[in-house]
Amino acid sequence: MGPGPSGVPKRVLAAMARPTIGHLDPEFILFMDSMKQLLQRTFLCEYGLTIPVSGPGTVGMESCVVNLLEPGDTIVVCINGFFGERLAIMAERCGAKVVRVHETWGRAIDPDKVDAALRAAPKAKVLAFVQAETSTGVLSDAKALARLAREHDCLSLVDAVTSIGGTPLRVGAWDIDVVYAGTQKCLSAPPGLSPVTVNDRAMAMIKERKHPVQSWFMDFRLLQGYWGMSTRRSYHHTAPINALYGLHEALLMLHEESLELAWVRHRRHHNALRAGLKVLGLELVVPAQERLPQLNVVKVPQGIEEAKTRDWLLKVRGLEIGGGLGALAGKVWRIGLMGHSCRSRTIEVCLRALAEVVDDPRKGRVALRAAMDEL
Ligand code: PLP
């Protein structure tokens, strides 16, 4: 129940243990088509370049940044936590002019501030933001921000590493241009792959670049040749076959449940956890309307040692939760309810253990009842 990786179902692990076949084997080519279709169903888009990039979420992030930006370009980056700043640093390394729109850690990005920043930077090529800030447990309004990008005639770039599979993300309907995501949070596949989707508008812009993308490995045009529609796929790199089996199985499981029902499950279990935490006297940091269901940031009560408690939970109760990052370090716990870890059983384990921490087992029983009533 940390901020990811979440638990991986046995069915996914079993899929990864299937025999490794060649990445140009005709069977594998069929598998690649199926993978792309499943990813499109997950992003809710129909874009040509919708593929899993070989590498963790950070590689997905960097691939998008290096493909979209050239030296001298302007990008507006929204920063309300750790990962927004990482995006900004990557953009600077591409030689881009970065306009940072800061928001208090623990609050959603304010569309009015972004609008003002885009007005002040009329040449901005990209607006980038993190939909679900894992460092602070905040959900920003991706639909409103993507609309602002369109109004100001720039591309939207969205970090959906933690949001995908856990909270609504409708890439096509919201007209988002480029998204990168992660496998190890609400999709419940192991880490190491980053699903990415790039629409035709962004692809056309990439094709018009003055300079080639400085990273050969991450160049989307080359990756399109590898993952493209044609039957004549060209070798690019040796795909991580077994990791892809795992992601494919995890996506099948997600769509067996249905994407919409998975979103509902995350919200419902978040409500249950919140009800239980309240009984234990534990407060959430983020205002109700901006909370991310899959990542609950809890204030550490006075007199309780943050890191020692996490250590005890892990060693004695077998429960992993996360600590705070940056300004929140030492002050909060981050409790994940992601994918396969988002179940009533994990909430029960968590509330029972936290009741011991706050040293009131009776409260623990009441907290559990409150949580189960909520479910
Ligand atoms: N973006 C967000 C919002 C994340 O939470 C993370 C990882 O936790 C990343 C990007 C980076 O992903 P990875 O650790 O898989 O490289």
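Let me begin by describing the structure that accompanies this report. (Residues numbered from 1 in each chain as written. Predicted model: local features only at pLDDT ≥ 70, side-chain atom pairs only at ≥ 80, totals over all residues. Heavy atoms only, no water.)

### A short note on the overall build of the protein chain
Consideration 1: Across its full length, the protein chain holds 13 helices and 12 strands.
Consideration 2: For the protein chain, the residues scored as buried account for 58% of the 375 residues in total.
Consideration 3: Within the protein chain, residue pairs in contact and separated by at least 24 positions form 71% of the contacts whose partners lie at least 6 positions apart.
Consideration 4: With the model as given, the accessible surface of the protein chain reaches about 15,600 Å², and the carbon-plus-sulfur share is 54%.
Consideration 5: The average position of the 46 basic charges and that of the 39 acidic charges among the side chains of the protein chain differ by 3 Å. (Helix = DSSP H or I, 4+ residues; strand = E, 2+ residues; numbered from the N terminus. Buried < 20%, exposed > 50% of the residue type's maximum accessible area, 1.4 Å probe, protein only. Contact = heavy atoms within 4.5 Å. Areas by Shrake-Rupley, 256 points an atom, 1.4 Å probe, with all protein chains shown as cover. Lys, Arg positive; Asp, Glu negative; His and termini not counted. Charge placed at Lys NZ, Arg CZ, Asp CG, Glu CD.)

### What about the sheet that holds strand S4 (residues 126–130)?
Sheets are built from strands that pair by backbone hydrogen bonding, the pairs being arranged parallel or antiparallel.
Consideration 1: With respect to topology, 7 strands assemble into an open sheet ordered S1-S9-S8-S7-S4-S2-S3, the strand pairing being mixed. Across the chains shown, the open sheet's two edge strands, defined by having one partner strand only, are strand S1 (49–54) and strand S3 (97–102). This sheet shows a mean twist of 20 degrees between the axes of neighbouring strands, independent of strand direction.
Consideration 2: Of the strand pairs in this sheet, strand S8 (residues 178–181) and strand S9 (residues 193–198) are connected by 3 bridges, and their pairing is antiparallel. Bridging across to S9, Val178 finds its partner in Val198.
Consideration 3: Those strands touched by helix H3 (residues 57–68) are S1, S4, strand S7 (155–160), S8 and S9, and its axis lies near 160 degrees from that of S8. (Pairing = 2+ DSSP bridges. Axes fitted to C-alpha atoms, helices over the stretch in contact; angles between N-to-C directions.)

### A word on the environment of Val59
Consideration 1: Tracing the backbone through its elements, the reader meets Val59 in helix H3.
Consideration 2: Residues Val59 and Leu193, spaced 134 residues apart in sequence, show a C-alpha to C-alpha distance of 8.4 Å.

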